[in-house]
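Coordinate inspection notes
Take a look at the letters that make up each chain.
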Amino acid sequence: MAKKSIVNRDLKRRNCVEKFAQKRQALMDVIASSGSSDEEKFLARQGLQKLPRNASPVRLRRRCALTGRPRGVFRKFGLARGKLREIAMRGEVPGIIKASW
């Protein structure tokens, strides 16, 4: 089980990313467009730098929904490998069976 403070920090980052997503996208569009002047691109870069660091989606970490574990998380299920194995062994995940050959 991950520390609650780290899980809460990740939730705080997710909220910040969501809050600034539109503003960030607008600035990125100005920077990427070929029709923008150099002055507009410069101002857009400055505006992007003024946003909080936690507004960047790169700073997010995929975590297990049950335990908060940061590594070994399956995207399809949102669970860490250990919890996924436990739940699959109980037969609670449809379509997953124990391999045998």
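Quick note: structure is the one above.
Calculation criteria
Residues numbered from 1 in each chain as written. Predicted model: local features only at pLDDT ≥ 70, side-chain atom pairs only at ≥ 80, totals over all residues. Heavy atoms only, no water. Helix = DSSP H or I, 4+ residues; strand = E, 2+ residues; numbered from the N terminus. Expected span 1.5 Å × (residues − 1). Bend = angle between axes of the 7 residues up to and from the residue. Buried < 20%, exposed > 50% of the residue type's maximum accessible area, 1.4 Å probe, protein only. Contact = heavy atoms within 4.5 Å. Lys, Arg positive; Asp, Glu negative; His and termini not counted. Salt bridge = Lys/Arg side-chain N within 4 Å of Asp/Glu carboxyl O. Polar contact = N/O pair within 3.5 Å; in protein donor to acceptor, adjacent residues only side chain to side chain. Patch = residues over 30% accessible without salt bridge, like charges linked within 9 Å, V, L, I, M, F, W, Y side chains within 5 Å. Areas by Shrake-Rupley, 256 points an atom, 1.4 Å probe, with all protein chains shown as cover. Charge placed at Lys NZ, Arg CZ, Asp CG, Glu CD.

**Focus on helix H1 (residues 4-32)**
- Taking 1.5 Å per residue, 29 residues should reach 42 Å; H1 reaches 39 Å between its end C-alpha atoms and fits that length.
- Taking the largest bend as the criterion, H1 deviates by roughly 55 degrees, centred on Ala21.
- All of the buried residues along H1 are Asp10, Arg13, Cys16, Val17, Phe20 and Leu27.
- The elements touched by buried residues of H1 are helix H2 (38-50).

**Notes on the side chain of Arg13**
- Assignment of secondary structure puts Arg13 in helix H1.
- Buried and without a salt bridge, Arg13 has Asp10 as its closest oppositely charged side chain, separated by 5.3 Å.
- Looking at Arg13, its side chain comes within polar contact range of the side chain of Asn54, at 3.1 Å.
- Residues within four places of Arg13 in sequence aside, it is in contact with Asn54, Arg59 and Leu60.

**Focus: a positive patch on the surface**
- Where like charges cluster on the molecular surface, the positive patch consists of Arg61, Arg69, Arg71 and Arg81.
- Examined against the element boundaries, Arg71 turns out to sit in the loop between H2 and strand S1 (73-74).
- Here Arg71 falls in the exposed class, since its relative accessible area comes to 59%.

**A word on the environment of Leu60**
- Position of Leu60 relative to the elements: it lies in the loop between H2 and S1.
- For the pair formed by Leu60 and Leu11, sequence separation is 49 residues and the distance between their alpha carbons is 9.0 Å.
- Not counting residues up to four positions away in its chain, the partners in contact with Leu60 are Asp10, Arg13, Arg14 and Val17.

**A short note on the pattern of salt bridges**
- Following the criterion strictly, the structure yields three salt bridges and no others.
- For Lys83, the salt bridge goes to Glu86, with nearest N and O atoms at 3.3 Å. A residue pair is termed a helical-turn pair when its members lie 3 or 4 positions apart in one helix, as Lys83 and Glu86 do in helix H3 (residues 81-89) at three residues.
- Note on Lys83: relative accessible area 27%, which makes it partly exposed.
- On the basis of relative accessibility, which here comes to 39%, the residue Glu86 falls in the partly exposed class.
- Between Glu92 and Arg90 there is a salt bridge whose closest N-O contact spans 3.1 Å.
- The exposure class assigned to Arg90 is exposed, which follows from its relative accessible area of 53%.

**Brief notes about the side chain of Lys41**
- Tracing the sequence through the fold places Lys41 in helix H2.
- Despite its burial, Lys41 pairs with no opposite charge, the nearest such side chain being Asp38 at 5.4 Å.
- Looking at Lys41, its side chain comes within polar contact range of the main-chain oxygen of Ser33, at 3.5 Å.
- Residues in contact with Lys41, not counting those within four places in the same chain, are Val30, Ile31, Ser33 and Ser36.

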